[in-house]
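Remarks on the overall topology
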Amino acid sequence: MAPLPFRQSYAALPERFYANAPLSPAPAPKLIRLNYALAEQLGLDAEWLASPQGVAMLAGSAMPEGVDPLSTAYAGHQFGSFNPHLGDGRALLLGDVQDAQGHVWEVQLKGSGPTPFSRRGDGRAVLGPVLREYVVSEAMHALGIPTTRALAAVKTGMTVLRETMLPGAVLARVASSHIRVGTFQYFASRQDVAGLRILADFAIARHYPQAAQAPMPYLAFLQQVIAAQAKLIAQWMLVGFIHGVMNTDNMAVSGETIDYGPCAFMDQYDPNAVFSFIDERGRYAFTNQPTIALWNLTRLAEALLPLFSEDEEESVALAGQALEQFGGLFHGAYFAGLRAKLGLKTQQAEDETFFHALFAQMQEHQADFTNTFRSLSDERVITGEYVSDTLNGLQPWLIQWRQRLTQEAEDAPAIRAENMRHVNPCYIPRNHLIEAMISAAVNNDDYTLFEEMLRLTASPYTKQAGMMRYTQPPQPEERVRYTFCGT
Ligand code: AMP
Ligand code: MG
C-alpha cells in the first residue's frame, strides 16, 4: 500500500479558491496520538503515519513527495458581522482519500503555521484546544452525530504565546469536506457568480449527488443543506451540546459539526448556557442554536440566489420556501429524538407540552442533563419502584411520564429501559474533566486522562465498572464557566 493515496481534488478548482502555503518547520514533532482505526478506514498506512516522516507531515513540518497542501479561501459572519476575508488562517488541506465504500474524506492540519490567510494570527494551535477537539469530536462521532474526526494530535516542540506561553500542537482532522457556508459567501460577496456555480457543483458532486438530477439542482442543494443542518442541530440539542461559535464560517454544508472551539456538553440543564468567553450577549447560547442555524442558512440562501433563477424575485421566493422547511424538519427530528430518549414510540398531541414540562423542572432543580435521561433509562424508575437522586426534583413530571407510558404499546419495562440506554449516553466528555485532562497534559505531560476519556466516550452507552468520576457532574468549585478557543 502506498503510504498516502492522497489526491488534491480542491486544487482542480480555479486558483482564486485557495492558496498554497509555505511549510513551517517544527523544531521537534512528537506524536501524541494516532487514531489507528480511522487511519485504517481511510486506507492510510498507520505505521508510516507514526514514523518520523509521518509525524513531520502531521506537524505540517515536512511533506512527503506528492503531497501539496493548500489553504482554502472563505468569508463569514462572525457574531453577526460580515468579514469578507477569512480563509484557512491556520489550516492546511493535505488532500483527499477515498475509503473502501467510495466515500471521499479530506485530511486537514489545524495549527501548523501561518498561511496567506493568517491576517495578524500566528497560524498556530496550542495543546489544550487540540486535545479538546480530539476528544469532543470523537465523542460526537461515537454518539452518532455527524462530525469531523480526529486522525492525529502532535506536538510541534514550539512554544506559542497565548495568555501565557503554551506548547504548540497540531490536530489532523478528517471531514467529508471543509466547505462552509462562508465559502459560498466568499464568492457571493465578490459577485463572482461563475465561482459560486463552480463551488456549488463541487459541493453537490461531493455531498448531494442526487441534487444534480433535480429540476433545479442549486435549489435542491440548498434544501439538502437545510435538511442536514436541521437534523444535526436536533442531535446537538438531544445530548446537551453547545457549539459555542456558530459563525457562518464554522458551519459545514456537509452537515458535519466542524470547528470545535469553546464548545461544551451541559452539566446542569440551563437553556441559556454559553461557554464562549467572547459571546457576551449569548448569541450562541444552547437554546438559540436552532434559530442561529436558520440565520446561517438564510445567509447561505442569499449567497446562492444568483444560481436559482435569472429573476431575482423568483429566486427570493424559492429560497424563502426552502428556508420555511427548516422549523418543521428541526422539530420533527428533535421531537422524535426526545420520544426515543423517554421510551415513547407513539406521537401524541400533548407531547410538546409534556417535553416542556420536563425541561422546566430540570431547569428549576438544576438537574444534570445527561444523568437525568440516563436515570430514566432504568426499569425500576419506569415502574416507580425507585427514584435516583438525580430525579429527585422531578417527581411531578415522573408521575405524568408513567401515565404517558401506560398509553404506549406494552413493552416490558426492562426492554423499554434497554432501548432508552441505547440513546441516553452515560459518558459524555464533561467540561471539568476536559479541563483536568488538559492541565495534566500541559503541566505534567500526562495523557492518562486523555486516553481514559477517549476510551469511555468511544462507547458512550456502555457503563463500565469503577468509572463513577466520569458520570458525575462537577462540584461547585470544579465548574467551568468559559472555555477559550485558544486562537
Ligand atoms: P475560528 O474562530 O477558529 O473559527 O477562526 C476564525 C478565523 O480566524 C479563521 O479564518 C481562522 O483561520 C482564523 N484563525 C484562528 N486562529 C488563528 C491563528 N492562530 N492564526 C491565524 N489565523 C487564525
Ligand atoms: Mg473556524
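Rules used throughout
Residues numbered from 1 in each chain as written. Chains lettered and ligands numbered in written order. Predicted model: local features only at pLDDT ≥ 70, side-chain atom pairs only at ≥ 80, totals over all residues. Heavy atoms only, no water. UniProt positions renumbered as here; feature names shortened; annotations may be inferred. Donors = N, O, S within 2.8 Å, 3.2 Å for Na, K, Ca; no water. Buried < 20%, exposed > 50% of the residue type's maximum accessible area, 1.4 Å probe, protein only. Helix = DSSP H or I, 4+ residues; strand = E, 2+ residues; numbered from the N terminus. Phe/Tyr/Trp six-rings, centres within 6.5 Å; stacked < 30°, edge-to-face > 60°. Lys NZ or Arg CZ within 6 Å of the ring centre and 35° of its normal. Near = heavy atom within 4 Å. Polar contact = N/O pair within 3.5 Å; in protein donor to acceptor, adjacent residues only side chain to side chain. Areas by Shrake-Rupley, 256 points an atom, 1.4 Å probe, with all protein chains shown as cover. Nonpolar A, V, L, I, M, F, W, Y, C, P; charged D, E, K, R; others polar. Domains from an automatic or database assignment. Axes fitted to C-alpha atoms, helices over the stretch in contact; angles between N-to-C directions. Parallel < 35°, antiparallel > 145°, perpendicular 65-115°, else oblique. Left-handed = near helix turned anticlockwise from the far one by under 90°. Contact = heavy atoms within 4.5 Å.

- Per an unreviewed UniProt entry, the protein chain goes by Protein nucleotidyltransferase YdiU and derives from Acetobacter ascendens.
- The protein chain has a UniProt comment under Sequence similarities (unreviewed entry) that states "Belongs to the SELO family."
- Looking at the Function (unreviewed entry) heading of the UniProt record, one finds this comment for the protein chain: "Nucleotidyltransferase involved in the post-translational modification of proteins. It can catalyze the addition of adenosine monophosphate (AMP) or uridine monophosphate (UMP) to a protein, resulting in modifications known as AMPylation and UMPylation."

**Observations concerning the coordination of the magnesium ion (ligand 2)**
- Around the magnesium ion (ligand 2), the protein contributes the donor atoms Asn 250 (OD1) and Asp 259 (OD), which lie 2.0 to 2.1 Å from the metal centre.
- A relative accessible area of 13% means that Asn 250 is categorised as buried.
- Judged by relative accessible area, Asp 259 falls into the buried class, the value being 12%.

**A short note on the UniProt feature "active site" (unreviewed entry) in the protein chain**
- Under the UniProt annotation, "active site" (unreviewed entry) lies at Asp 249.
- Here Asp 249 is to be found in the loop between strand S11 (241-242) and strand S12 (264-265).
- When its relative accessible area of 6% is taken as the criterion, Asp 249 is described as buried.

**What about the packing of aromatic side chains?**
- Counted by the stated rule, this structure contains 26 aromatic pairs.
- Relative to Tyr 260, the ring of Phe 241 has its centre 6.1 Å away and its plane inclined at 65°; by these criteria the two rings are edge-to-face. Highlighted residues: Phe 241 in strand S11 and Tyr 260 in the loop between S11 and S12, separated in sequence by 19 residues.
- An aromatic cluster of three or more residues is present, and its members are Phe 326, Phe 330, Tyr 334, Phe 335, Phe 354, Phe 355, Trp 397 and Trp 401.
- Over the face of the ring belonging to Tyr 186 we find Arg 190, whose NZ or CZ atom lies 3.6 Å from the ring centre.
- The ring of Tyr 386 carries Arg 380 above its face, with NZ or CZ at 4.3 Å from the centroid.

**Thoughts on the site of ligand 1**
- Residues in close proximity to ligand 1 total 18 residues, the closest being Gly 87, Gly 89, Asp 122, Gly 123 and Asn 250.
- Contacts to ligand 1 include Gly 89, whose backbone N or O atom sits 2.7 Å from an oxygen atom.
- Starting from 480 Å² of accessible surface for ligand 1 in isolation, the protein chains cover 85%.
- When the residues that make up the shell around ligand 1 are grouped by side-chain class, the tally is 2 nonpolar, 8 polar and 8 charged.

**Some remarks on the domain arrangement of the protein chain**
- The assigned domain composition of the protein chain is domain 1 (9-175) and domain 2 (342-421).
- Between the C-alpha centres of domain 1 and domain 2 the distance comes to 42 Å.

**Some thoughts on the packing of helix H8 (residues 289-308) against helix H9 (residues 312-341)**
- Axis separation between H8 and H9 bottoms out at 9 Å; the angle between their running directions is 155°. Classified by the angle their axes make, H8 and H9 are roughly antiparallel. Between H8 and H9 lies a crossing whose hand is right-handed. The segment H8 lies against H9, with Pro 290, Ala 293, Leu 294, Leu 297, Thr 298, Ala 301, Leu 305 and Phe 308 engaging Ser 315, Val 316, Leu 318, Ala 319, Leu 323, Phe 326 and Phe 330.
- The residue inventory of the contact of H8 with H9, partitioned by class, reads 13 nonpolar, 2 polar and no charged.

**Side note on helix H5 (residues 181-189)**
- Across the 9 residues of H5, 7 count as buried, placing the element largely inside the fold.
- For H5, every residue scored as buried is listed here: Val 181, Gly 182, Thr 183, Phe 184, Gln 185, Tyr 186 and Phe 187.
- Looking at the packing, one finds that the buried side of H5 touches strand S4 (76-78), strand S5 (81-83), helix H6 (193-207), helix H7 (217-239) and H8.
- Gln 191, located one to two residues past H5, shows a positive phi value of around 50°.

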